[in-house]
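Here's the letter readout for the chains.
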Amino acid sequence: MSAVEISNDEGDILGRESVWTKVRDLVRKQPLGAVGALIVVIMVLLAVFVETITVYDPTENNFKDMLLAPNFSYWLGTDQFGRDGLTRIIYGARTALFVGMVCAFVGATTGLILGVTSAYFGGTFDLLFMRIIDVFMAFPVIIMALAIVSIFGSSLPYLMFAITLPIIPDCAR
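Throughout this document, residue positions are counted from 1 along each chain, in the order its sequence is written. Owing to the predicted nature of the model, reporting of local features is limited to residues with pLDDT of at least 70; listing and counting of side-chain atom pairs is limited to 80 or more, with chain, interface and lining totals taken over all residues. The basis for every side-chain value is the complete set of non-hydrogen atoms in the structure, without hydrogens or water.

(A) Geometry of the pattern of salt bridges. The rule for a salt bridge is simple: a side-chain nitrogen of Lys or Arg has to be within 4 Å of a carboxyl oxygen of Asp or Glu. Per the stated rule, a full pass over the model turns up six salt bridges. Here D25 makes a salt bridge to R24, at a shortest N to O gap of 4.0 Å. Each residue's exposure class comes from its accessible area (1.4 Å probe, protein chains only) as a fraction of the maximum for that residue type: buried when under 20%, exposed when over 50%, partly exposed otherwise. Of the residues examined, R24 reaches a relative accessible area of 40% and is grouped as partly exposed. Among the ionic pairs, R83 bridges to D79, the shortest N-O distance being 2.8 Å. Of the two residues examined, R83 and D79, each falls in the buried class. Bridged by salt links that share partners, the residues D79, R83 and R88 form one connected network.

As C-alpha cells, this is what we get:
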C-alpha cells in the first residue's frame with residue numbers, strides 16, 4: 001500500500017468521517033435543506049459584513065437617483081426616495097435574523113421550562129396546566145399574533161412578543 005492509500009483509509013480505520021464527507025452526504029440526502037442552509041448562511045454573512053459590502057446608507061434620501069433601474073451602482077435599483085434596494089434588504093435581514101433568533105430562543109426556552117415544571121409536579125397541576133396550554137394552542141397563530149399587535153401596538157418588542165407567544169405552547173407540550 002502506498003502512503004496515499006493509507007492516509008485515505010485512515011478515516012475508515014478510526015471510524016470517523018471527515019466534515020466534507022458528512023456535508024456531501026447531507027447535500028445528497030436533503031438537497032432542499034442544504035439549499036435552505038446555504039441561503040441562511042449567506043444572509044448571516046451579508047448581515048454581519050454589511051458595512052464592508054455596501055457604501056450606501058439605507059435611510060439616506062438621494063433625490064437625484066430616484067426610481068433608477070438596476071445598474072452597476074445600484075444592483076437592485078432605487079426606490080422613490082433614491083435609497084439603494086440591496087442595501088435596504090441587507091439591513092432588513094439584520095432585523096429579521098435578530099427577531100427570528102431571539103423569538104425562537106425565548107419561546108423554546110420558556111416552553112421547555114413550563115413543560116418540565118408541569119411534568120415535575122404532575123398530577124392535578126399537570127392536568128390543569130396542559131388544559132391551559134391546549135386553550136392557547138386552539139387559537140390560530142396568525143390571529144393571536146394580530147390580536148397582540150393590534151392591542152399593544154407595532155413596536156419591535158411587542159412584535160417579538162406576538163411572535164414568541166405562539167411558540168411557547170408547542171414547546172411546553
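Once you've had a look at it, read on.
(B) The packing of helix α5 (residues 85–121) against helix α8 (residues 156–164), seen in detail. Helix axes are fitted only over the stretch in contact, all axes being lines through C-alpha atoms; the angle between N-to-C directions runs from 0 to 180 degrees. The helix count covers DSSP runs of H or I at least four residues long, the strand count covers runs of E at least two residues long, and both are numbered beginning at the N terminus. Contact pair α5 / α8: the axes reach a minimum separation of 9 Å and the direction vectors enclose 50 degrees. Here α5 is positioned oblique relative to α8, judged by the angle of their axes. The hand of the α5/α8 crossing is right-handed. Mapping the contact onto sequence places F98, V99, V102, C103, V106 and G107 in α5 and L156, M160, I163 and T164 in α8. Gly falls in the polar group here, along with every residue not listed as nonpolar (Ala, Val, Leu, Ile, Met, Phe, Trp, Tyr, Cys, Pro) or charged (Asp, Glu, Lys, Arg). Here the contact of α5 with α8 is built from residues that sort into eight nonpolar, two polar and no charged. If an angle is under 35 degrees, it is roughly parallel; if it is over 145, roughly antiparallel; if it lies from 65 to 115, roughly perpendicular; otherwise it is oblique. Note on convention: near helix rotated counterclockwise from far helix by under a right angle means a left-handed crossing. Clockwise means right-handed. The contact definition used throughout considers only heavy atoms, calling two residues in contact when any of these lie within 4.5 Å.

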